[in-house]
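Fold and geometry: a report
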Amino acid sequence: MSDLKLFEDLIALARTGSFVRAAESRHVTHPAFGRRIRALEAWAGAPLVHRGQHPATLTPEGDALLKAAIQVVEHMGLVRQRMRGSRAEGDAVLRIATGRSLARTLVTDWVARLRHRTPKVLSGGAQVEISTGHMQDLVVRLEQSKVDMLCCYEHPAMSISLSPQRYRYMTLATDKLVPVTQVDTRGHPRYALREGGRPTPLIAYAGGLAMARILGDRLETTPYALAPFMRSDSLDAAHGAVANGLGVAWLPWSMVVADCRRGVLAALGGRNDEVAFEVRLYRPRARMAELAEAAWAATARRTA
């Protein structure tokens, strides 16, 4: 399937606009990725990429081949899905792509419901594969039919680019980012949100994390005096930093509500300081394998 991999390389390059980022998403070195694109150009007999431009753009020949590559990759993915769906029930696998924090929380809860509640979708020898990573890579995996569904955050600041003609979604949950801090021994919030005076230490998110994009606009316009102290690419690490009294972080309410009710953490500010977002489950509009269809149908009934 070497030619198919070259088509997938071209799709990654078109999506990222960068040889470096495309190579990272394809898990190869930058020089190796460049050689593979040149091999595809040799196969096509025409230059496919405008060299020396940033972001990288495709030539007219590259655009034409890209459209064909997308169709071929999608078709092969559907064929693979049908072949997997025709296997014995004991070999059926539900493949889910999601972020690390969602994999630990909402997705695990969702899988548990599919396994334990009636109707039991994940019965017998049915298995589940959960893959995590950067959202851009996970979108590509869905487009290439390497996973059945994608579970992700949704907010205007970070809407994912999936064609509504080819994919549909349901909202699994709504949540909000809330500024929280540790409660001291006297039962008072250790830090406060102030518009002046000494800045409050901020536990922020690294740029690759979905929460960094969701929270970015709010932090740029906030009236509060905040001083970045720690930056993390993990919600769990940010939660741990707040719990240890290192500063204030905007964390999902679903993650901290129990701590706030126990008096371990305290929510700060008001409703204007909260940032609402959704958790969505995406799937192809084309028919999926039998197990994936059953999981989608059962989830749709429960969220209706």
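Please read all numbers here as calculations on a predicted model, not as lab measurements.

**Notes on helix H11 (residues 290–303)**
The terminal C-alpha atoms of H11 lie 20 Å apart, and with 14 residues this matches the ideal 20 Å at 1.5 Å per residue to within 8%. All of the buried residues along H11 are Leu291, Ala292, Glu293, Ala295, Trp296, Ala298 and Thr299. In the core, the buried residues of H11 are packed alongside strand S3 (93–98), helix H6 (106–116), strand S4 (127–132), strand S5 (149–154), strand S6 (167–182) and strand S11 (275–284).

**Some thoughts on the domain arrangement of the protein**
When the parts of a complex come together, some accessible area is lost, and that lost area is often used as the size of the interface. The domain boundaries assigned to the protein delineate domain 1 (1–86), domain 2 (93–170 + 279–301) and domain 3 (174–277). Of note, the centres of domain 1 and domain 3, computed from C-alpha atoms alone, are 40 Å apart.

**Here's the deal with unusual backbone geometry**
Residues Thr118 and Pro119 are joined by a peptide bond in cis, for which omega reads -5°. Within the element layout of this structure, Pro119 appears in the loop between H6 and S4. Positive phi is not limited to glycine here, since His27 has a value of about 60°. One non-glycine residue with positive phi stands out, namely Ser145, at about 60°. In this fold, Ser145 is placed in the loop between helix H7 (135–143) and S5.

**Details of the layout of surface pockets**
Put simply, the largest pocket is a space of about 710 Å³. Going through the elements one at a time, helix H2 (19–25), helix H5 (100–104), H7 and helix H8 (210–221) are the ones with two or more residues in the lining of the largest pocket. It is H7 that provides the largest number of residues to the lining of the largest pocket, a total of four residues. A per-class count over the lining of the largest pocket returns ten nonpolar, ten polar and seven charged.

**Details of the packing of aromatic side chains**
Enumeration according to the criterion identifies four aromatic pairs in this entry. When the ring of Phe19 is compared with that of Phe33, the centres are 6.0 Å apart and the planes differ by 80°; the resulting orientation is edge-to-face. With a gap of 14 residues between them, Phe19 in helix H2 and Phe33 in helix H3 (residues 30–44) connect regions that are remote in the sequence. Grouping residues by exposure puts Phe19 and Phe33 together as buried. Arranged with centres 5.3 Å apart and planes meeting at 85°, the rings of Tyr153 and Phe277 form a pair that is edge-to-face. Of the two residues, Tyr153 is situated in strand S5 and Phe277 in strand S11; the sequence distance between them amounts to 124 residues. A relative accessible area of 5% places Phe277 in the buried class. Over the face of the ring belonging to Trp253 we find Lys176, whose NZ or CZ atom lies 5.7 Å from the ring centre. Sitting over the ring of Tyr169, Arg280 keeps its end group 3.8 Å from the ring centre.

Calculation rules
- Residues numbered from 1 in each chain as written.
- Predicted model: local features only at pLDDT ≥ 70, side-chain atom pairs only at ≥ 80, totals over all residues.
- Heavy atoms only, no water.
- Helix = DSSP H or I, 4+ residues; strand = E, 2+ residues; numbered from the N terminus.
- Expected span 1.5 Å × (residues − 1).
- Buried < 20%, exposed > 50% of the residue type's maximum accessible area, 1.4 Å probe, protein only.
- Contact = heavy atoms within 4.5 Å.
- Domains from an automatic or database assignment.
- 1 Å grid on protein atoms, 1.4 Å probe; cavity = no way out; pocket = protein on both sides within 12 Å on 5 of 7 lines; lining within 4 Å.
- Points joined across faces, edges and corners; volume = space filled by probe spheres on them.
- Nonpolar A, V, L, I, M, F, W, Y, C, P; charged D, E, K, R; others polar.
- Phe/Tyr/Trp six-rings, centres within 6.5 Å; stacked < 30°, edge-to-face > 60°.
- Lys NZ or Arg CZ within 6 Å of the ring centre and 35° of its normal.

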